[in-house]
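These are the residues of each chain, in order.
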Amino acid sequence: MAIIEVDGLTKRYGGRTALDGVSFSVEEGEIFGILGPNGAGKTTAVECLEGLRRPDAGTVRVLGLDPQADARELHQRIGVQLQRTGLPGSIRVREALELYTSFYASPRDPAELLAQWGLEERRNTRVRSLSGGQAQRLYIALALVGAPRVAFLDELTTGLDPQARRATWDLIRRIRDDGVTVVLISHFMDEAEELCDRLAVFDAGRVVATGSPGGLIEEATGGGGRMRFRPAGELDLALLAGVPGVTDVRRSGRHVVVTGRGDFATAVTSVLARNHIVVADLRIDQRTLDDAYLALTGGPSPRD
Amino acid sequence: MLGKILAIEFRMRMREVLTPLFALALPLALLFGFGLMPDATKPSKDLGGQSTTEYMAVLGTGIAFAILSLIMLPGVLSDYRERGVLRRMRATPVRPSALLTAQLVINAGAGAVTAAVMIVVGAAAFGTSAPRGFGWFLLAAVLCLLALLALGSLVSAVVPTGRAGNAVGSLLFFPSMFLAGVYIPYDQMPRTLQRVCDVTPLGAGIRSMRDAWMGHAPHPSQLAIMAVYAVVATLAAARLFRWE
């Protein structure tokens, strides 16, 4: 059953159309990604779902509720992490959790959240003195304090170092494993590919594609990729040209470059192994969401 | 829930030191600074027959009201708006207006503490009598605080950033100080300047509180002016306030 349904969502600011007939749905228990460059309308769309903005047209249902008419009811059941901090700099970690606990009818135990998110040692630290990763964990904990059924996380890992990003990804998976549906806004392709069960790609206020990361890559680029290696001995290229999925085989100096679709790389390696051909310098470039994004939007991916 | 917000906001404000400093230390410094001068406890002709210590007790209370309302309140609220604190709260079951209420209660409470401390410390240290028209004093103090808090809310409502909030607050605060009689007592001002004082909330407040302290009923026009500020500025602030 869809836990979020969006149909024809449109939002204008003055003469500018921020969202133009956006439609998608989110299933219960999945991590759903909203992907696209800055200014594509991702945040505006999610703010309409959270009841923070009034759509100009279209229907939005979150947990069967209208975010505008049933805002109070909805806010008991969703958790939100916004792009900006949203906490006074001088509040302590424990105080922030206690404060947010008091907002909800049936909240989670703040002590348990402190432990779960590794903030116990920082419980008396002021928010402004937390490291980026610690602050991020606190904001996630605050989004979960009301025991929500859906958590909206906006640009969670922007500004984090690679290690903290990886750690945050594990945390997001844990939220989902606890049975919370996660809506993740991101402009990082690798993040979306790694985490999301399904995603919607936004571009200039429209949804240009929805599906699983693998499905989108397959659909937009034909999937597959390119492998490149240096055979130790003689290699008859015709041997590889016949492998299922392979679309092209050619020499490039001492290297051989094989292009193909789907799971061609596994097939090629097993053919090489069967023929006792030893290879060196093996590199496989799988198609990524980056390539799919490029194909879908006709522009380069929105890297920072 | 509001109790929790109040408790945590209160703890944060005490932690920042500025609130206790302005609400207590500055008025006390005024009281002792002038109160220890010769003849400070005797009625003074320059102060319309009031003693310096009584005058300073009222002045200190009024200045604390103004700092809390025109500088502290807009400072905190515009900082909260800038940081997205109010916006983040909109996504919870609690309205951000609860935070506004808490801030108003805390600043009003700090103002009440100042007034009480000035009365008690004045009596203990200098033998100053408590306000002789106590009911009138209470009414004048409450109206003055409400008028100033309403003005401070209006400033918070219209300024875009914390920095602009501080600038506008200070712009209102320093002329208020002058008109309140910090530099020249009201009684020494030329008549035209007195008329200007009478139409400002702090000027009207201090005049009314002084009258009440000496046992007179404040001028109804002075009470009315404060009430008008309180009502008009509250309505305007409620209309103009932006959460983000």
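The shown structure was predicted, so the numbers you read here are calculated from the model rather than taken from an experiment. (Residues numbered from 1 in each chain as written. Chains lettered and ligands numbered in written order. Predicted model: local features only at pLDDT ≥ 70, side-chain atom pairs only at ≥ 80, totals over all residues.)

Draft legend 1. The overall build of chain B, seen in detail. When its secondary structure is counted, chain B shows ten helices and two strands. Going from the N terminus to the C terminus, chain B shows its helices and strands as α-α-β-β-α-α-α-α-α-α-α-α. Taken over the C-alpha trace, chain B has a radius of gyration of 18 Å; the compact-globule value for 244 residues is 18 Å, and the two agree within 12%. In terms of principal-axis extent, the alpha carbons of chain B reach across some 60 × 35 × 30 Å. Long-range pairs, those at least 24 residues apart, make up 78% of the contacts in chain B between residues at least 6 apart in sequence. (Helix = DSSP H or I, 4+ residues; strand = E, 2+ residues; numbered from the N terminus. Rg over C-alpha atoms; globule rule 2.2 N^0.38 Å. Contact = placed C-beta atoms within 7 Å.)

Draft legend 2. Geometry of the overall build of chain A. Across its full length, chain A holds eleven helices and 13 strands. Projected onto its principal axes, the C-alpha positions of chain A cover 75 × 50 × 35 Å. Residues counted as buried form 41% of the 304 residues belonging to chain A. Taking the intrachain contacts of chain A between residues at least 6 apart in sequence as the baseline, contacts between residues at least 24 apart amount to 68%. (Buried ≥ 20, exposed ≤ 12 C-beta atoms within 10 Å, placed from the backbone.)

Draft legend 3. Structural context of the UniProt feature "transmembrane region" (unreviewed entry) in chain B. All names here are of chain B. Per the UniProt record, "transmembrane region" (unreviewed entry) is found at residues 57-77, 98-127, 133-155, 167-186 and 223-241. Secondary structure across residues 133-155 divides into 96% helix and 0% strand, with the first and last C-alpha atoms of the span separated by 33 Å. The annotated region residues 223-241 carries 95% helix and 0% strand content, and the separation between its end C-alpha atoms amounts to 26 Å. (UniProt positions renumbered as here; feature names shortened; annotations may be inferred.)

Draft legend 4. Spatial organisation of the UniProt feature "domain: ABC transmembrane type-2" (unreviewed entry) in chain B. Per the UniProt record, "domain: ABC transmembrane type-2" (unreviewed entry) is found at residues 18-244 of chain B. This span, residues 18-244 of chain B, is 76% helix and 2% strand, and a straight line between its end C-alpha atoms measures 25 Å.

Draft legend 5. Summary view of the interface of chain A and chain B. With 21 residues of chain A in contact, the opposing surface of chain B contributes 19 residues. If you list the elements that add at least two residues to the side of chain A that touches chain B, you get helix H2 (71-77) and helix H3 (93-101) of chain A. Among the residues making up the side of chain A that touches chain B, the classes are represented as ten nonpolar, six polar and five charged. (Nonpolar A, V, L, I, M, F, W, Y, C, P; charged D, E, K, R; others polar.)

Draft legend 6. Highlighting helix H11 (residues 289-297) of chain A. Residues and elements named next belong to chain A. For H11, the complete set of buried residues consists of Leu289, Ala292, Tyr293 and Thr297. Each buried residue of H11 sits inside an arc of 110° when the element is viewed along its axis, so together they form one side. The inward-facing, buried residues of H11 contact helix H7 (189-195), strand S8 (198-203), strand S9 (206-211) and helix H8 (213-221). (Arc of directions from axis to C-beta.)

Draft legend 7. Representation of the nonpolar core. One finds Leu184 of chain A together with Cys144 of chain B to be the most contacted residues of the largest nonpolar core, which totals 145 residues. For this core, the element with the highest residue contribution is helix H3 (residues 52-83) of chain B, accounting for 18 residues. Those residues in contact with Cys144 of chain B, other than ones at most four positions away along the chain, are Gly62, Phe65, Pro201, Leu202, Gly205, Met209 and Met226 of chain B. Leu240, Ala265, Val268 and Leu272 of chain A belong to the second largest nonpolar core, which has ten residues in total. (Core = buried A, V, L, I, M, F, W, Y, C linked by C-beta atoms within 7 Å.)

Draft legend 8. Focus on the sheet that holds strand S1 (residues 2-13) of chain A. Residues and elements named next belong to chain A. Ordered in space as S2-S1-S4, the three strands form an open sheet in which the pairing is antiparallel. In this open sheet, the two edge strands, each paired with only one partner strand, are strand S2 (16-27) and strand S4 (57-62). Averaged over all adjacent pairs, the angle separating strand axes in this sheet is 15°, with direction ignored. Against the sheet, helix H1 (residues 42-49) makes contact with S1, S2 and S4, and its axis sits at roughly 120° relative to S1, the strand it touches most. (Pairing = 2+ DSSP bridges. Axes fitted to C-alpha atoms, helices over the stretch in contact; angles between N-to-C directions.)

Draft legend 9. Main features of helix H2 (residues 18-35) of chain B. Along its 18 residues, H2 of chain B runs 24 Å from first to last C-alpha, staying within 8% of the 26 Å computed at 1.5 Å per residue. The sharpest bend along H2 of chain B comes to roughly 30°, located at Ala25 of chain B, with the proline Pro27 of chain B sitting one to four residues further on. (Expected span 1.5 Å × (residues − 1). Bend = angle between axes of the 7 residues up to and from the residue.)

Draft legend 10. Broad picture of the confidence of the model for chain A. Across chain A, the average pLDDT comes to 88, with 97% of residues at 70 or higher. Mean pLDDT across the secondary structure elements of chain A bottoms out at H11 of chain A, with 78, and peaks at S4 of chain A, with 95. (pLDDT = per-residue confidence, 0-100.)

Draft legend 11. Seen up close, the pairing of S9 of chain A. All names here are of chain A. Pairing analysis gives five bridges linking S8 to S9, with the strands arranged antiparallel. Within the sheet, the bridge partner assigned to Phe202 lies in S9 and is Val207. Once S8 ends, the chain turns through two residues before running back antiparallel as S9, passing Ala204 with a positive phi of about 50°.

Draft legend 12. Quick peek at the pairing of strand S11 (residues 246-252) of chain A. Residue and element names in this part refer to chain A. Two strands pair when backbone bridges link them, and S11 and strand S12 (residues 255-260) are joined in this way by six bridges, in the antiparallel orientation. Counterpart to Arg250 in the pairing with S12 is Val257. Joining the antiparallel neighbours S11 and S12 is a turn of two residues, in which Gly253 adopts a positive phi near 65°.

Draft legend 13. Summary view of the domain arrangement of chain A. In terms of domains, chain A is made up of domain 1 (2-218) and domain 2 (224-286). Inter-centroid distance (C-alpha atoms) of domain 1 of chain A to domain 2 of chain A is 43 Å. (Domains from an automatic or database assignment.)

Draft legend 14. Structural context of the environment of Ile284 of chain A. Residue and element names in this part refer to chain A. Inspection of the secondary structure puts Ile284 in strand S13 (residues 279-286). Judged by the 15 C-beta atoms lying within 10 Å of it, Ile284 is partly exposed. Separated by 57 residues in sequence, Ile284 and Met227 have C-alpha atoms that sit 4.3 Å apart. Residue contacts for Ile284: discarding those within four places in its chain leaves Gly225, Met227 and Ala265.

Draft legend 15. Inspection of the packing of H2 of chain B against helix H5 (residues 97-126) of chain B at higher detail. Residues and elements named next belong to chain B. At their nearest, the axes of H2 and H5 sit 10 Å apart, and the two run at 25° to each other. Regarding the angle of H2 to H5, the classification is roughly parallel. The interaxial crossing formed by H2 with H5 has right-handed handedness. Counting all contacts with H2, which are made through Thr19, Ala23, Leu24, Pro27, Leu28, Leu31 and Gly35, the residues of H5 involved are Ala110, Val113, Thr114, Val117, Met118, Val121, Gly122, Ala125 and Phe126. Classifying every residue of the contact of H2 with H5 gives twelve nonpolar, four polar and no charged. (Parallel < 35°, antiparallel > 145°, perpendicular 65-115°, else oblique. Left-handed = near helix turned anticlockwise from the far one by under 90°.)

Draft legend 16. Up close: the sheet that holds strand S7 (residues 181-186) of chain A. Residues and elements named next belong to chain A. Judged by pairing direction, the sheet is mixed, and its six strands sit side by side in the order S5-S6-S7-S3-S8-S9 without closing on themselves. Since the sheet does not close on itself, it has two edges, and those belong to strand S5 (78-81) and S9, each with one partner. Within the sheet, the average angular offset between the axes of one strand and its neighbour, ignoring direction, is 15°. Summarising the sheet, S5 and strand S6 (residues 150-154) pair through four bridges and their orientation is parallel. In the sheet register, Val80 faces S6, and the bridge partner there is Phe152. Against the sheet, helix H6 (residues 162-177) engages strand S3 (31-35), S6 and S7, with an angle of about 150° to S7.

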